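# Fold and contact review
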Amino acid sequence: MTEAILLVGGKGTRLRPLTVHTPKPMVPAAGVPFLTHQLARARAAGVEHIVLATSYLAEVFEPYFGDGAALGLHIEYVTEEEPLGTGGAIRNVASRLHSGPDEPVLIFNGDILTGLDIRALVRTHETTGADVSLHLTKVTDPRAYGLVPTDDTGRVLAFLEKPQTPEEIVTDQINAGAYVFRRSVIDTIPAGRVVSVERETFPGLLTAGAHLQGMVDSTYWLDLGTPAAFVRGSADLVLGRAPSPAVPGRCGDRLVLPTATVAPDAKLAGGTVVGEGAFVAEGARVFGSTILPGAVIEPGAVITDSLIGTRARVGEHTVLTGTVIGDGAVVGPRNELREGARVWCDATIPAGALRFSSDQ
């Protein structure tokens, strides 16, 4: 169908400590690096050639995905020496594209989990003759996003960055982070400097009279930029709420990878994932959470909507709710951590050191 660029260079600062040692697209969701789901969905839509625009921890990607043959793809890698922003990253990989000037090029942000009909977006682009087409989705509270009002035909009228007053909220349509560019438009982006497509490229194209088309697709959509969102996205993949051909197993209440060990009386539910080599001991209860490879959950621990990092350990009868435990960290027995708590990589919390309720 066409070729694609995936923007995977961000530092993922909102996801720390998950991204201290791992770039955001490589953090496991439903048992595999999140990027695997995006690559698999692109391939299912007919894409064969993908260029990964990398920057932060760029050396991690190619050893894992190689040339892409295992996914039926041809993958190339281009690394930014200095971060160039979304537009700069797109321009930086232009020399690797094979498309002719008028052919479509798909572009995806590397932190969006979506059920977008990719083929429909390309069809919209081609039938309307647009220079750039954008996936738009509708949200209840658009204040944290860039608004994209359109006319009755779907043609984009403006780009409004993160409105703060009721008067500024003129639509509930937001930029959902997937685009189709006419190949020649990519060459108009300035090379070698930081460029934002949202703040510079798209508004500049509108001012110049270019045709920007919006397609509203309000199927599943989630920005995985925060730990809570990432954990929810992983659970939704396991539960089958979010579509992906790359989930390594049948959709259901839990996903236990083949080398993981779960005690017979441990309870797993809500889309919980137990990664390779992880261990969940007797009496533990884990709901809607992700246990990364090599982690240990000791007897009687209760974990809800949390993410436990690689090789981390959660002690006996510790209770975690909405918590992120970094790689290699140890949370001793009988601790209680609640919403928003983040334990850094390799940190140690002694037994009974932290609570949010009385010890009775």
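Residues numbered from 1 in each chain as written. Predicted model: local features only at pLDDT ≥ 70, side-chain atom pairs only at ≥ 80, totals over all residues. Heavy atoms only, no water.

Within the protein, the regular secondary structure consists of seven helices and 30 strands. Taking 360 residues into account, the globule formula puts the C-alpha radius of gyration at 21 Å, and the protein, at 22 Å, falls close to it. For the protein, the C-alpha atoms occupy an extent of roughly 65 × 50 × 35 Å along the three principal directions. Here the contacts in the protein between residues at least 6 apart in sequence split such that 51% fall between residues at least 24 apart. Surface exposure of the protein reaches about 15,000 Å², of which carbon and sulfur atoms provide 52%. Each charge sign in the protein was given a centre, from 30 positive and 40 negative side chains, and these centres are 4 Å apart. (Helix = DSSP H or I, 4+ residues; strand = E, 2+ residues; numbered from the N terminus. Rg over C-alpha atoms; globule rule 2.2 N^0.38 Å. Contact = heavy atoms within 4.5 Å. Areas by Shrake-Rupley, 256 points an atom, 1.4 Å probe, with all protein chains shown as cover. Lys, Arg positive; Asp, Glu negative; His and termini not counted. Charge placed at Lys NZ, Arg CZ, Asp CG, Glu CD.)

Another point: the UniProt feature "domain: Mannose-1-phosphate guanyltransferase C-terminal" (unreviewed entry) in the protein. The feature "domain: Mannose-1-phosphate guanyltransferase C-terminal" (unreviewed entry), as annotated in UniProt, sits at residues 252–332 in this numbering. With 0% helix and 42% strand, residues 252–332 has end C-alpha atoms that lie 31 Å from one another. (UniProt positions renumbered as here; feature names shortened; annotations may be inferred.)

What the six strands build is an open sheet, ordered β15-β18-β21-β24-β27-β30; its pairing is parallel. Two strands close off the open sheet at either side, each with one partner strand: β15 (261–262) and β30 (348–349). Here strand β24 (residues 313–314) pairs with strand β27 (residues 330–331) via two bridges, running parallel. By the bridge assignment for β27, R313 is matched with V330. (Pairing = 2+ DSSP bridges.)

Let us now look at the pairing of strand β11 (residues 173–182). Most of β11 sits inside the fold, with 10 of its 10 residues counted as buried. Sheet topology places strand β6 (residues 104–109) next to β11; five bridges connect them, and they run antiparallel. The residue bridging V105 from the neighbouring strand is F181, located in β11. Here strand β8 (residues 132–138) pairs with β11 via six bridges, running antiparallel. Considered in β11, the bridge of K138 is made with Q173. (Buried < 20%, exposed > 50% of the residue type's maximum accessible area, 1.4 Å probe, protein only.)

Of all the positions in helix α6 (residues 197–207), only V197, E198, T201, F202 and L205 are classed as buried. Projected onto a plane normal to the axis of α6, the buried residues spread over an arc of 110° and lie on a single side. Across from the buried face of α6, at angles greater than 90 degrees, the exposed residues are R199 and T207. Of the residues trailing α6, G209 is marked for its positive phi of about 90°. (Arc of directions from axis to C-beta.)

Taken in spatial order, the five strands make up an open sheet running β16-β19-β22-β25-β28, and their pairing is parallel. Of all the strands in the sheet, just β16 (267–269) and β28 (336–337) have a single pairing partner and so form its edges. As defined by bridge partners, β16 adjoins strand β19 (residues 285–287) across three bridges and the pair is classed as parallel. Residue L268 lies in a different strand from β19, and its bridge partner there is V286.

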